[in-house]
Amino acid sequence: MPISPTPRLPASSSSAPVVNTRMALAVATTIFFMWGFLTCLNDILIPHLKAVFELNYAKAMLVQFTFFGTYFLMSLPAGRLVAHLGYKKGIVAGLAIAGVGALGFWPAAELRVYEAFLGALFVLATGITVLQVAANPYVALLGPEQTASSRLTLAQALNSLGTAIAPIFGGLLILGNTVKSADEIAALPSAEQIAYRVQEAQSVQGPYVGLAIALALLAVFVYLFRLPALTETTEQADSGTHTLMDALRHKHVLFGVLAIFFYVGAEVSIGSFLVNYLSMPSIGGFTEQQATHYVSAYWTLAMIGRFAGSAIMTRFSPRLLLTLFAVVNVLLLALTMLGSGHVSLYSVVAVGLFNSIMFPTIFALSIERLGPLTNKASSLLIMAIVGGAVVPYLQGVLADHIGLQPSFILPLVCYGYIIFYGLSGSRPSAAFRQGA
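Residues numbered from 1 in each chain as written. Predicted model: local features only at pLDDT ≥ 70, side-chain atom pairs only at ≥ 80, totals over all residues. Heavy atoms only, no water.

Let's talk about helix 18 (residues 387-402)
Moving on, step 1. For helix 18, with 16 residues, the first-to-last C-alpha span of 22 Å sits near the 22 Å given by 1.5 Å per residue.
Moving on, step 2. The complete set of buried residues in helix 18 reads G387, G388, V391, P392, Q395, G396 and A399. Seen end-on, helix 18 carries its buried residues on one side only, within an arc spanning 155 degrees. Opposite its buried face, helix 18 presents the exposed residues Y393, D400 and H401, each directed more than 90 degrees away.
Moving on, step 3. Here the buried face of helix 18 lies against helix 4 (62-85), helix 12 (251-278) and helix 19 (409-425).
Moving on, step 4. After helix 18 finishes, the residue G403 shows a positive phi value of roughly 105 degrees. (Helix = DSSP H or I, 4+ residues; strand = E, 2+ residues; numbered from the N terminus. Expected span 1.5 Å × (residues − 1). Buried < 20%, exposed > 50% of the residue type's maximum accessible area, 1.4 Å probe, protein only. Arc of directions from axis to C-beta. Contact = heavy atoms within 4.5 Å.)

If you want it as structure tokens, here you go:
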């Protein structure tokens, strides 16, 4: 059936709609900050749980596997929930579910059961998945279509700000104390063992309970705030029944799902191997602690790029910038693979800057003019974030066989696909553009 173009908010016949739109965007960006903050806390949670439960690296990485796996498992249910509730109530539901997950860290810490932490993390990640499905298209649709990428990039910049602050917060509150080994605990008197376990539990309980309260308050605030409903872009406005295949029949959606998979996979993979890469004698020869400063720079550059990109994309074509940034990253990764010393060091860190606009731009282009199919496409795009679990693993296998430095050929190929998407794959078919 014909798909109507994505509706635009009314022109400023009065000042009220403009003010409401700007306020709605401001509210939405706080949500992006919150889930960025929660996501990056995993990087602090992993070493803490690894030490507390004396895990090997494979078991410790179940934290990330659980988190990213939830996107894949829960994106479709989240899409159905948002389709039924609408964007505003979907955002409220996502915040509430994430709050319940954060609250689950309290009993998990009391029980001292690793699987209980993973269960709480699964619930938390489910809430974030609902937020992703609801908030990404909502921001993209909250204004003129031609500036959708700019708005979403600005919101993602706030997400990056959350990822920049979370390690500092988590480092102070969660990793502030040295975790004792099982033998060291056994050597303590009984009273000191009890006191130590209470202190250890509280280092996780306090921060996550505080986050649960913050999420609950934010959910109440969003619920009471008069956000534009944008029901004309959900299934609530359409009497027909749509399936995921209806969305995938549009090539710019199908190619966009693959683009999100490859982009998130490349971004997470580079970040995951950065410490090991920079520690190589031929590259930086740093200690692991020294290398973490460059990892921080990698993510900080992404935040800077998103703030700058939000302004740049109001003047230039999002497709052109996406293609250009992907080309630059291919060249930077070629230097990463073939160079040595400071050339390779700075080239791999600089990839973060040119990653900046990719996720929001791909997302906005993939849901362009989908009307009631927007929720379905959004679910598929969020599901594709599972690339963050798959690509790093594949690069690890590659590194074991051909070496770490040559293994960066895999993210290079991922950015090569994004060049194709920017040039061709992101363009709706001629029949679709005409509303046929």
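Remarks on the packing of helix 14 (residues 318-338) against helix 19
Moving on, step 1. Running from N to C, helix 14 and helix 19 point in directions that differ by 160 degrees, and their axes come no closer than 8 Å. Considering the angle they form, helix 14 stands roughly antiparallel to helix 19. For the pair helix 14 and helix 19, the sense of crossing is left-handed. Touching R319, L322, T323, A326, V327, N329, V330, L333, A334 and M337 of helix 14 are I409, P411, L412, Y415, G416, I418, I419, Y421, G422 and L423, all from helix 19. (Axes fitted to C-alpha atoms, helices over the stretch in contact; angles between N-to-C directions. Parallel < 35°, antiparallel > 145°, perpendicular 65-115°, else oblique. Left-handed = near helix turned anticlockwise from the far one by under 90°.)

A word on the pattern of salt bridges
Moving on, step 1. All told, the structure shown has 1 salt bridge when counted by the stated rule.
Moving on, step 2. Between R319 and E368 there is a salt bridge, with the nearest N and O atoms lying 3.1 Å from each other. Of this pair, R319 sits in helix 14 while E368 sits in the loop between helix 16 (358-366) and helix 17 (374-383), and the two are 49 residues apart along the sequence.
Moving on, step 3. Among the residues examined, R319 registers a relative accessible area of 13% and is labelled buried. (Salt bridge = Lys/Arg side-chain N within 4 Å of Asp/Glu carboxyl O.)

A short note on the nonpolar core
Moving on, step 1. Counting 130 residues, the largest nonpolar core has Y208 and Y415 as its most contacted members.
Moving on, step 2. Sorting elements by how many residues they give to this core places helix 7 (residues 114-141) first, with 17 residues. (Core = buried A, V, L, I, M, F, W, Y, C linked by side-chain atoms within 4.5 Å.)

Here we look at the environment of V330
Moving on, step 1. Position of V330 relative to the elements: it lies in helix 14.
Moving on, step 2. On a C-alpha basis, the gap between V330 and C414 in space is 8.9 Å, while along the polypeptide they are 84 residues apart.
Moving on, step 3. With residues up to four places along the chain from it excluded, the contact list for V330 reads L412, Y415, G416 and I419.

Regarding the environment of G90
Moving on, step 1. Relative to the elements of secondary structure, G90 occurs in helix 5 (residues 87-103).
Moving on, step 2. Residue G90 is classed as buried on the basis of its relative accessible area, which comes to 0%.
Moving on, step 3. For the pair G90 and Q132, spaced 42 residues apart in sequence, the C-alpha to C-alpha distance is 9.9 Å.
Moving on, step 4. Among all residues touching G90, those that are not within four sequence positions of it are V82, L85, V130 and A134.

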